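Summary of structural features
For reference, the chains in residue letters:
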Amino acid sequence: MQIEVTHTPTLLVVKVVAPRLDAREAVEFKAQMADWIRQGPQTILLNLAEVRFIDSSGLGAIVSVLKLLGRQGDLVLCGVTEPVLSLFKLTRMDRVFQMYAQESEALTALA
Amino acid sequence: MQVGSINLSIESDCKHVALLGRAITSLCSLANFSDIDTYQVELCVIEAVNNAIEHAYEREKGKLVEITFSLYQSKLTIAICDTGKGMDEKWLMRDQAFPDVDPQDLASLPEGGWGLAIMQQVMDEVTYSTSNGKNVLTLTKRFTPTSVPG
């Protein structure tokens, strides 16, 4: 799974450069995110703009990253497409994550 | 009236599931679905296929998962078949609720177990049967007909 990472003074911006976050990709995604989280508590902005499809395994992986960060950090989402957002709404996970339509909007809000 | 039907099959390995998803999305373009409907139908099929691989075949590779996509004038049905371990039909057909979510209680947040509830919420009908060692989960979604290709 291809992931692009950018560090800002306050954030780790992680962009998933893949069309799917599904059962096949979820394990590797979690492992990569866990590696960064081990470097210390932080706020991660996860850009999902290029992800066309997420299944329940992919969603579970995103939730597990939030839990791994704990109260010392946070996981904020941006660029979630309308179809993928419908999965968050179905499972009520839209209540759990702070979301922004655009990465630029999130960067301004979280700066 | 049935417009057409196609059979697809994949080996029980999650590396084949994405290609199946692409095929289902393409087939859904024959129905009058929005982008969200199309995504959700693909999602339900993928959840059902993942269940077959993970639970019916217990992740054993080299087994077959067969998918029959049937298009009618105002509905489509997708049957997902496996020959692995069957599920309890009564449990499966119970109303599956999404667990309550407390965003303040991180430890309590679910990390899975949504598959069947998603299918029941998105599809108009979900049925499951086992006969002669074959398990069949059938998903039905209705749509407003426009001009369905013959």
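So, here's what we can say about the structure. (Residues numbered from 1 in each chain as written. Chains lettered and ligands numbered in written order. Predicted model: local features only at pLDDT ≥ 70, side-chain atom pairs only at ≥ 80, totals over all residues. Heavy atoms only, no water.)

Brief notes about the pairing of strand S3 (residues 75-82) of chain B
Residue and element names in this part refer to chain B.
- Burial analysis of S3 places seven of its eight residues in the buried class, which makes it a mostly covered element.
- Pairing analysis gives six bridges linking strand S2 (residues 64-72) to S3, with the strands arranged antiparallel. What sits directly across from Ile67, in S3, is Ile80.
- The hairpin turn running from S2 into S3, its antiparallel successor, is two residues long.
- Across eight bridges, the pairing between S3 and strand S5 (residues 134-142) is antiparallel. What sits directly across from Ile78, in S5, is Leu139. (Buried < 20%, exposed > 50% of the residue type's maximum accessible area, 1.4 Å probe, protein only. Helix = DSSP H or I, 4+ residues; strand = E, 2+ residues; numbered from the N terminus. Pairing = 2+ DSSP bridges.)

Observations regarding the packing of aromatic side chains
- Applying the stated criterion across every chain, the model contains three aromatic pairs over all chains.
- Relative to A:Phe97, the ring of A:Phe88 has its centre 5.9 Å away and its plane inclined at 85°; by these criteria the two rings are edge-to-face. In this pair, the class of A:Phe88 matches that of A:Phe97, namely buried.
- Positioned above the aromatic ring of A:Phe53 is the side chain of A:Arg20, whose terminal nitrogen or guanidinium carbon lies 4.2 Å from the ring centre.
- Stacked on the ring of B:Tyr72, the Lys or Arg B:Lys75 has its end atom at 4.9 Å from the ring centre. (Phe/Tyr/Trp six-rings, centres within 6.5 Å; stacked < 30°, edge-to-face > 60°. Lys NZ or Arg CZ within 6 Å of the ring centre and 35° of its normal.)

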